[in-house]
Each structure stands twice: as C-alpha cells, then as structure tokens.
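Structural overview
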Amino acid sequence: MTAAGIARLAGVGRAAVSNWRRRHADFPKPVGGTETSPAFALRDIEQWLRDQGKIAEVPPRERVWQQLVGHPAGAAAALRQAGAVLLLVHERPAAWRQLRAAADDAELTGVLPAMLESVLAARLGAEHPVRGLTCEALAPSAALVRAAGDLATADGAPEAYAFLLGRHLDANPRQYTLTPPGPAALMAELAAVAGPLGTVLDPACGAGALLAAARDEAPGAAPPTLHGQDADPDLAALSALRLALEAPGAEVRVRAADTLRADAFPQLAADAVLVHPPFNERNWGHDELAYDPRWEYGFPARTESELAWVQHALARLRPGGTAVLLMPPAAASRRSGRRIRADLLRRGALRAVIALPAGAAPPNSIPLHLWVLRKPGGGAHPSPGHRPSTSPLRGGTTPLAPHLLVVDTAAPLAGGTGRDKPDWQTVRATAVDAWQLFDRDGEIEEVPGVRRSLAAIDLLGDDVDLAPARHLPPPAAAGGPGELARVHDRLTAALARTTELTPRPGERTAAPGPSAARWPLTTVGELARSGALVLRAGGAGTAAPDGAPAVLTDHDVIGGFAPSGTLPEAPSAGPPEEPVLVREGDVVVPVLGGGAIARVVDEATAGAALGRNLTLLRPDPTALDPWFLAGFLRGTANNRQASSYASTATRLDVRRLQLPRLPLAEQRRYGRRFGDLAAFEGALRLASRLGEQLVQGLHDGLTDGSVGPS
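What comes next is a walk through the structure. Every value quoted in this text rests on a predicted model; they were computed, and no experiment measured them. (Residues numbered from 1 in each chain as written. Predicted model: local features only at pLDDT ≥ 70, side-chain atom pairs only at ≥ 80, totals over all residues. Heavy atoms only, no water.)

This part covers empty space enclosed by the protein. Scanning all chains against the criterion turns up one cavity of 30 Å³ or more. Volume-wise, the largest cavity comes out at about 60 Å³. Forming the boundary of the largest cavity are eleven residues, of which Ala-191, Ala-194, Gly-195, Asp-271 and Arg-318 lie nearest the centre. (1 Å grid on protein atoms, 1.4 Å probe; cavity = no way out; pocket = protein on both sides within 12 Å on 5 of 7 lines; lining within 4 Å. Points joined across faces, edges and corners; volume = space filled by probe spheres on them.)

See below:
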C-alpha cells in the first residue's frame, strides 16, 4: 500500500504519514514501489499503527481493497474475482455459507471455480466476459475470496462491489474515460421521454454508468433488459458484474469485443441506445468496414469515428426507438461529416442537438453535445418534427418537413460566472423540458439564447453546421428596447452612486522616510501564533448527499462575485469531507495571482465553502478589526515583500504580510475608511458590468433590427 493508502487507513493526511516516516525509526520499510511513491506491506503497516495506538483494527473494506491492489494478477483481475464471489454470495447465500464454514483454502480454491462459473452463466449468459476463474488463478487468492465473501455478508454484496469498483476507478483516472452521473442520468431521462425503456444497449459501455442510469430511470417499472459491449475486456467484465449486482431481476448481457468491427448484438432492436463513444479515433475500422450495411446515411470518413457510432446506434434501434449520444462539438460542424449530417436531417433521424456546459464530462475543458436521434418508421412513436398538417390539396393530414431542436444548456448558467462545475439541476431542466415539448408537439416556443426549433431544410447549407450557438439568437437582444431601458436606468443609478462614494484624498501625513515616525509592525504569522486570528487554507471538502454549500472561488474574490463554485462529489469510499465554511467578518485572500486583494466576508457570502488558492483569516473581534486587517493586507508594498517570485506564478505567503500594531479604536477608524473604499470599488464594478451589458445590448439590437438607429 502507498502513503495515500496509509493516510486513508489511519484517517489522516498524507503529510502526517511523511512525518511518521521521518520521526519514527521503527516505521516499516518500503517493500516495493519507487523512491517517490514507495509501497509498504499491509501487515507491517497494520501492526505498526496498532502498536502506536493510531488504529484499533483495519476496516474490512480497506483490507479487501489492499488485497486487490497487491494481487499478483493485478487489481482489475482481482476485482473480477472478488466481484464473482460477491455475486455468488448475493445469488446463492446458503451455498456460500456452507462452503465458507466447511472448506479449507485448498478445497475452497478447488470447488469455487465451478460454482462461480455456474452463477455467472445463470446471471450473465453463457458468453459472459468474466473469464480467468481457474483453479490456478484463484489459488493465491483464497484470502481475498474469504475477505470478499465476509464483506458481502456484512455490508451487502452490491454495496461492497460499488465501493471496490469506485475505489479502483478513482485510483486509475487516466486509464478509464468515465461518464459522470449527471450526464448519464440526463441521457437516460431523454431516452425515456418516448416511453418505457424495455431493452437498452450501450455499445461502448465502459464501467456501465449509462446502463445503470437506464435501470434507475423507472424504478417502479419492470427492470429493463440491459445489453452492453466494450473493447476493454476488464471494463466489460467489471460492468457486467456491476449490473448483475445492482439490477436485480434485470437480464444483463455484456460482451467484450470491438463493437464496430465485431458487433455482439447484430440482430438487436432496442428501445433505446445510450452511448458515450470514444472521441477522435482514427483506427475505428474505416478500411475493413467500407461496405458495412450499417452505413445507411453515408460512409463515415476516417476522421469521423463519431458518425460511425451514430449510425451503429440507429442500426440497433427498433423503428421509433431513441438513441442519445454524448458527442464532441466538432462532430456538429466538421466539413468531412456534412453529407452524413445532411442525410440524418433530411430523413428525420437526428432530432435534437443539446449543448452542455464545459465541465460536464471528460474532456472537461470542452462543452460537449448530446445528439438525440429517433429511428424513422415507428408507428407507436411518430417522429417528432414531422408535424401533421391538413392540406386541402391532398385531402387529409400530411407530414411537414422534419425539424431539429437546438438547445444550449449553458445559457441559463450565464449568471453564475466562475462556476467550477455545471449546475445539473438547471442543465437537466433546460434540456428535458425542451425535448419533452418538442417530442410531444413537434414544435417549441423559441427562447433566445436557450432553445429553438429549426426546419431541416434551413440547415442544409455548405457546412450543415448543427452547433446550437450558431442558430440561437443572443439573449441580450431578446429584451429589446424595454430591457435596454431598464439596464440604462440601473447604470444611471450606479454612476450616481459612484459619484456619491468617490473618496476624498484626505489629509496629508508626514512624508515617509528614514526620519519619519513609523508604526511598530507585526506579521500575520505572529498574530496567528498569539491567537489574535486563525488561518485556514481552502480547497478541501466534498459534497454531502443531502446538499452542499456554494464554493467561494479565487475568481469570485478577485472579481467581486457571489460564490459560484461547487464542491466535488464525495468518493464512493467513505463519508464526505468537511469543507472550510466562511463566516461574516472573515478576511479571504487569494494566494496565487490575485495581486493586492483581500475581501471581507459579508452576510450574503457567509456559509460558503472556501475554495482552492484562498487563505482565510478569522480575526478575534476583541483584538482585530476585519476591515483594518483587510485594508492593510492590500497595500502594494506589503504584497511585494510577501510574494514569491521563484516561479512564473507569483504566490503570496500570507504569514509574511504585515500590519501595524494599533489600538482597537484606531483600527476601527482606519477600518471605516477601508470599508468606504470597498463600497466605492463595488459600485465601480457594478457600473462597469452594466455599461458593458448596455453597449453589447445596443450592438445586438441595432444589428438584429430590434432597436432603431434613432
């Protein structure tokens, strides 16, 4: 186990483990790893922690996890074995109890493979991907088998496997591209708008997140039949075990093979296909698959692997079935894919393109798209957008040309400048509400900047560009002259406020110099040691299941914004980590690239979590005035002497910041002056933002015709 594992085991930080290694000569020696990341024997660490009184007993979950990590066949193979044992305990508890009580290690590893194969075949089908469970493979893992079985008996098999799988995926973030819970749930909900999800396919299932979301979409309905396929044998096996354990009663069929080259379900007609395909693959089978019948809408170019996945999804749907794919934004506009996009539009197969905010899923820097498709031809669910119309020339109802729904879910979040992660409640409401209306009525009321229904024929230009942002009118112009008049009035009031708050220079003091009287100075570090203030670093904490506070980010502090960040989700292993919450009167200082900035927390900001690259100073009100503290911390010379210029990113050493030793009454005099400056600064910021909004609104209004030049 590594130092991180030891810290987790003992419930301390990694720095504490480093201190133990330096201070205690009897700390166990490494048995492997590297010089920068040494590995230790679990037995030695457990004994040392017990001798030191730092732990009474290793939790069963941690013991099983460490056995997985140290397994000679690798963690993924060990997790397959443990998952199969958990499935046996879950499906046949009486047989497991009898075997566990009677068998020694040799008998256990001799009898168990056949029992595991039996339960796996019964639950996952004869061609299941959980292979390699021979006597030889299990022989060195008798301890793991027993520990996994005991953990299932104590915690429940599905919960135990969720913990182990989650820990494995968290420990290997670069090895796996996962679909986060938010996008997975949204994709399943979009697919379920047309009706219950009876049969669901994910042809690039990874760890099974999308199929698990489909299972959760209708908890009261009959469990769906889940089909999955993945080219990575480990992921296919782990996904199959996850679904078998977490979806009781559902038929689970997962296969390990390259979907585009070796489709495991060629005859399937699914109600829904959910896919997070690999992006930008060049070696997807372009040369071998030139005459494949799946390319009904055109043969994808070598650079258009995503359009191959789109057509595979359509080929595996029943008529009227729905597919939802998570796509890179370039797939909506690359010239090499324009002919396929055009045919998808003409034939009414592509129904919606929904832009997600950046950070929705890896790669987090790119705002990904969701494509919603409907296979033409279903009688039960007519293709939305083919709106019925009574035609006197044809003597009845005729379908109009297909339409496309475009949605930008990032637009409703525009007010949350600086948000670290998307607000999934807002994203979901924007996307699902628009798709439900469009799917039901075939048309939708336009919301500028957010959603719009477009006739397919209007999109068949040279590039067939389907990016939502290209087709949505800007929201600023939507308000027209009335909204611009309101912005003008607010700007006028803000400018008047800045005039009222403009500070006077004040009286002159003695010129600073060698002969001038100087205040006695102290540092923030000295004040912290004396108890006059408390220092806390930000960045820690995870969201609890019942909700989490907003995060005050360094961007918010520098720009004067309200808290806009969100806490990361708690890992599947263990309880959420408590964040540092700010209180009214705290002083918050950015330590990286902020310059001379310090912010006093007001009533509106109190209760937010302290973000990364921020340091909190909590003054004792009987010793320090917060405005006095913040004002002197902002001095240019003060920041210069406390900054590190050893790297390209200047970092502030908050403990080195200085302020004068003054009586509390004198501090408050200065504090009132600093508070006035802060109010003036806030008024200037508001006037600047309103001015920019007015200027851009007038530009948009003049260019789109909603405002006249007079």
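Picking up where we left off.
The subject of this paragraph is the packing of aromatic side chains. What characterises a pair of aromatic rings is the spacing of the ring centres plus the angle enclosed by the ring planes. Under the definition given, this model contains eleven aromatic pairs. Between the aromatic rings of Phe-27 and Phe-40, the centroid separation amounts to 5.7 Å while the plane-to-plane angle is 85°, which identifies the pairing as edge-to-face. Here Phe-40 lies in the loop between β2 (38-39) and α3 (42-51) and Phe-27 lies in the loop between α2 (14-23) and β1 (32-33), a separation of 13 residues in the sequence. Judged on exposure class, the residue Phe-27 and its partner Phe-40 are both buried. Both rings, one in Trp-435 and one in Phe-438, keep their centres 6.2 Å apart while their planes meet at 35°; by these two values the pair is tilted. Of the two residues, Trp-435 and Phe-438 are both situated in helix α16 (residues 424-441); the distance of three residues between them amounts to about one turn of the helix. (Phe/Tyr/Trp six-rings, centres within 6.5 Å; stacked < 30°, edge-to-face > 60°. Helix = DSSP H or I, 4+ residues; strand = E, 2+ residues; numbered from the N terminus. Buried < 20%, exposed > 50% of the residue type's maximum accessible area, 1.4 Å probe, protein only.)

Bringing the pattern of salt bridges into the picture now. In total, this model carries 32 salt bridges according to the counting rule given. As a salt-bridge pair, Glu-189 and Arg-428 come within 2.8 Å of each other at their nearest N and O atoms. Of this pair, Glu-189 sits in helix α11 (residues 181-191) while Arg-428 sits in helix α16, and the two are 239 residues apart along the sequence. Close ionic contact of Glu-304 with Arg-334 constitutes a salt bridge, the shortest N to O distance being 2.9 Å. Of the two residues, Glu-304 sits in the loop between β6 (270-275) and α14 (305-315) while Arg-334 sits in the loop between β7 (317-327) and α15 (338-346), which places them 30 residues apart along the sequence. (Salt bridge = Lys/Arg side-chain N within 4 Å of Asp/Glu carboxyl O.)

Time to look at the sheet that holds strand β8 (residues 350-355). The strands that make up a sheet pair up through hydrogen bonds in the backbone, lying either parallel or antiparallel. The strand order across the open sheet built from nine strands is β5-β4-β3-β6-β7-β9-β8-β12-β13, with neighbouring strands paired in mixed fashion. The open sheet has two free edges, formed respectively by β5 (252-256) and β13 (451-455), since each of these has just one partner strand. Averaged over neighbouring strand pairs, the angle between their axes works out to 15° when direction is ignored. Direction of pairing for β8 relative to strand β12 (residues 403-408): parallel, over a ladder of four bridges. Within the sheet, the bridge partner assigned to Ile-354 lies in β12 and is Val-407. Against the sheet, helix α13 (residues 233-246) contacts β4 (225-230) and β5, and its axis sits at roughly 170° relative to β5. Against the sheet, α15 engages β8, β9 (369-374) and β12, with an angle of about 50° to β9. (Pairing = 2+ DSSP bridges. Axes fitted to C-alpha atoms, helices over the stretch in contact; angles between N-to-C directions. Contact = heavy atoms within 4.5 Å.)

Quick look at the packing of helix α7 (residues 105-124) against α13 now. Packing of α7 against α13 leaves a shortest axis separation of 11 Å and a crossing angle of 75°. Taken together, the axes of α7 and α13 are roughly perpendicular relative to one another. Residues Leu-120, Arg-123 and Leu-124 of α7 form the contact with α13, whose participating residues are Ala-240, Leu-241, Leu-243 and Ala-244. The residue makeup of the contact of α7 with α13, split by class, is six nonpolar, no polar and one charged. (Parallel < 35°, antiparallel > 145°, perpendicular 65-115°, else oblique. Nonpolar A, V, L, I, M, F, W, Y, C, P; charged D, E, K, R; others polar.)

Reading across from one edge, β15-β20-β17-β18 is the order of the four strands in this open sheet, with antiparallel pairing throughout. Only two strands of the sheet have a single partner each, and these edge strands are β15 (533-537) and β18 (599-600). Relative to β18, strand β17 (residues 587-590) runs antiparallel, the two sharing two bridges. Within β18, the residue paired with Val-587 across the bridge is Val-600. Here helix α22 (residues 626-633) sits on the sheet in contact with β15, β17, β18 and β20 (614-619), set at roughly 15° to β17.

To continue, consider the pairing of β4. Look at any regular strand and the pattern is simple: side chains alternate between the two faces of the sheet. Across the six residues of β4, six count as buried, placing the element largely inside the fold. Judged by which residues are buried, β4 turns out to be covered on both faces: Thr-225, His-227 and Gln-229 on one side and Leu-226, Gly-228 and Asp-230 on the other are all buried. Bridging between strand β3 (residues 199-202) and β4 involves four bridges; their strand directions are parallel. Counted as the bridge partner of Val-200 is Leu-226 from β4. Both β4 and β5 contribute to a ladder of five bridges, which runs parallel. Of the residues in β5, the one forming a bridge with Gly-228 is Val-254. Regarding the hand of the β-α-β motif, the stretch spanning β4, α13 and β5 is right-handed. (Right-handed = clockwise from strand over helix to strand, strands pointing away.)

Along the chain, His-168 falls in helix α10 (residues 157-171). Judged by its relative accessible area of 4%, His-168 is buried. When neighbours within four sequence positions are excluded, His-168 is seen to be in contact with Trp-65, Ala-75, Ala-76, Leu-79, Tyr-176 and Leu-238.

So, on to α22. For α22, the tally of buried residues reaches seven of eight residues, placing the bulk of the element in the interior. Its side-chain oxygen placed 3.1 Å from the backbone nitrogen of Trp-627, Asp-625 serves as the N-cap of α22. (Polar contact = N/O pair within 3.5 Å; in protein donor to acceptor, adjacent residues only side chain to side chain.)

If you trace the backbone, Thr-199 turns up in strand β3. Overall, the relative accessible area of 18% leaves Thr-199 in the buried class. Not counting chain neighbours up to four residues away, the residues in contact with Thr-199 comprise Thr-225, His-227, Leu-268, Ala-270, Asp-271 and Ala-272.

A separate point is helix α1 (residues 3-10). Across the eight residues of α1, six count as buried, placing the element largely inside the fold. If you check which residues of α1 are buried, you get Ala-3, Gly-5, Ile-6, Ala-7, Leu-9 and Ala-10. Each element contacted by the buried residues of α1 is listed here: α2, β2, α3 and α4 (60-69). After α1 finishes, the residue Gly-11 shows a positive phi value of roughly 75°.

At their nearest, the axes of helix α5 (residues 75-91) and α10 sit 9 Å apart, and the two run at 170° to each other. One way to sum up the angle between α5 and α10 is to call them roughly antiparallel. Residues Ala-75, Ala-76, Leu-79, Gly-83, Leu-86 and His-90 of α5 form the contact with α10, whose own contacting residues are Ala-157, Pro-158, Ala-160, Tyr-161, Leu-164, Leu-165 and His-168. In terms of residue class, the contact of α5 with α10 is built from ten nonpolar, three polar and no charged.

Our focus in this paragraph is unusual backbone geometry. With an omega dihedral of -5°, the bond running from Pro-362 to Pro-363 counts as a cis peptide bond. The backbone of Asn-280 shows a phi angle near 55°, a positive value even though the residue is not glycine. Its place among the elements puts Asn-280 in the loop between β6 and α14. Under the relative-accessibility criterion, Asn-280 is labelled exposed at 53%. Residue Asn-613 is not a glycine yet carries a positive backbone phi of 60°. Residue placement: Asn-613 occurs in the loop between β19 (609-610) and β20.

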